[in-house]
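# Inside the fold
So you can see what is in the structure, the chains are spelled out below.
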Amino acid sequence: MNDIKRIVERVVRKYKTRDPEIIASDMGIVVLYEPLGSLRGYFNTCRRQKFIHINNSLKWHERRLVTAHELGHAVLHPNANTPFMRSCTHFSISRMENQANTFAGHLLIPDDELEYYSEYSIDQLAMLYGVPQHIVKLRLGI
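Below, the structure is looked at part by part. All values reported here derive from a predicted model rather than from experimental measurement.

### So, the packing of aromatic side chains
Inspection of the entire model under this criterion finds two aromatic pairs. Here Tyr116 and Tyr117 contribute two aromatic rings whose centre-to-centre distance is 4.9 Å and whose plane-to-plane angle is 85 degrees, an arrangement assigned as edge-to-face. Here the aromatic cluster, defined as three or more aromatic residues joined through ring pairs, consists of Tyr116, Tyr117 and Tyr120.

Right, dumping it as structure tokens:
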């Protein structure tokens, strides 16, 4: 089992849910819904308070995925400021983005359901869970 999967399973056991909004709230992370233009969401910390900012124009399934992704940043990269690193440095954040996407995939797509839907294609799984195909591929380790 990979490290991110282990971390997700530990979070799920502790908070007894896979709902990223409930987990964030229980972790003391403030989730804000606000107009963000073309930005889907981001995670930041200000004065030791953690925030997940979500674009308020997103549909429910998009909001759920973005919240899970940003929760991944909060858990895996709590001290990283990816918006700053993306805009003001030459540091590659693709690895952190990939890890946050993997976290989201493991959170939103449980093992037991994957077994139940084992005959489904990647496209069918993506439609079933309301996530892009690349999230399903990350979840499956493809």
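### Description of the sheet that holds strand β2 (residues 41-46)
The strands making up a sheet are joined through hydrogen bonds of the backbone, oriented either antiparallel or parallel. With mixed pairing, the three strands of this open sheet are ordered in space as β1-β3-β2. At either margin of the open sheet sits one strand with a lone partner, and together these are β1 (30-34) and β2. Averaged over all pairs of adjacent strands, the angle between their axes in this sheet comes to 25 degrees, without regard to strand direction. Of the pairings in the sheet, the one linking β2 to strand β3 (residues 49-55) comprises six bridges and is antiparallel in character.

### Description of the environment of Arg47
Among the structural elements, Arg47 can be located in the loop between β2 and β3. Separated by 44 residues in sequence, Arg47 and Asp3 place their C-alpha atoms 29 Å apart.

### Focus on the packing of helix α5 (residues 94-108) against helix α8 (residues 133-140)
Taken N-terminus to C-terminus, the directions of α5 and α8 make an angle of 80 degrees; their axes are 8 Å apart at the nearest point. When the axis of α5 is compared with that of α8, the two are roughly perpendicular. The residues of α8 that touch α5, namely those facing Asn98, Asn101, Thr102, Gly105 and His106, are His134, Ile135, Leu138 and Arg139. Of the residues in the contact of α5 with α8, the class split is two nonpolar, six polar and one charged.

### Describing helix α3 (residues 60-76)
Residues lying three or four places apart along an α-helix face the same way, a consequence of the helix completing one turn every 3.6 residues. The end-to-end C-alpha distance of α3 is 24 Å, a good match for the 24 Å that 17 residues give at a rise of 1.5 Å each. Looking only at α3, the buried set comprises Leu65, Val66, Thr67, Ala68, His69, Glu70, Leu71, Gly72, His73 and Ala74.

### Regarding α5
In this model α5 runs 21 Å from its N-terminal to its C-terminal C-alpha over 15 residues, within 8% of the 21 Å that 1.5 Å per residue would give. Within α5, twelve of the 15 residues are buried, which leaves the element mostly enclosed by the surrounding structure.

### Examining the packing of α3 against α5
Taken N-terminus to C-terminus, the directions of α3 and α5 make an angle of 120 degrees; their axes are 8 Å apart at the nearest point. Our classification of the angle between α3 and α5 gives oblique. In this structure, α3 meets α5 at a crossing whose hand is right-handed. Of the residues in α5, those touching α3 at Arg64, Leu65, Ala68, His69, Leu71, Gly72, His73, Val75 and Leu76 are Met96, Glu97, Gln99, Ala100, Asn101, Phe103, Ala104, Leu107 and Leu108.

### Remarks on unusual backbone geometry
Leaving glycine aside, a negative phi is the common case for residues, and trans is the common case for peptide bonds. In this model, Lys16 sits at a positive phi of 55 degrees, which is unusual for a non-glycine residue. Tracing the chain through its elements places Lys16 in the loop between α1 (3-15) and α2 (20-26). Given the relative accessible area of 71%, Lys16 is considered exposed. In the Ramachandran plot, Arg47 falls in the positive-phi region, its phi being about 55 degrees despite a non-glycine side chain.

### Let's talk about the environment of Asp111
Note on placement: Asp111 falls in helix α6 (residues 111-116). Judged by its relative accessible area of 27%, Asp111 falls in the partly exposed class. Note: C-alpha distance between Asp111 and Val11 (100 residues apart in sequence) is 15 Å. Ignoring any residue separated from it by four or fewer positions in sequence, one finds Asp111 in contact with Lys5 and Arg139.

About the thresholds
- Residues numbered from 1 in each chain as written.
- Predicted model: local features only at pLDDT ≥ 70, side-chain atom pairs only at ≥ 80, totals over all residues.
- Heavy atoms only, no water.
- Phe/Tyr/Trp six-rings, centres within 6.5 Å; stacked < 30°, edge-to-face > 60°.
- Pairing = 2+ DSSP bridges.
- Helix = DSSP H or I, 4+ residues; strand = E, 2+ residues; numbered from the N terminus.
- Axes fitted to C-alpha atoms, helices over the stretch in contact; angles between N-to-C directions.
- Parallel < 35°, antiparallel > 145°, perpendicular 65-115°, else oblique.
- Contact = heavy atoms within 4.5 Å.
- Nonpolar A, V, L, I, M, F, W, Y, C, P; charged D, E, K, R; others polar.
- Expected span 1.5 Å × (residues − 1).
- Buried < 20%, exposed > 50% of the residue type's maximum accessible area, 1.4 Å probe, protein only.
- Left-handed = near helix turned anticlockwise from the far one by under 90°.

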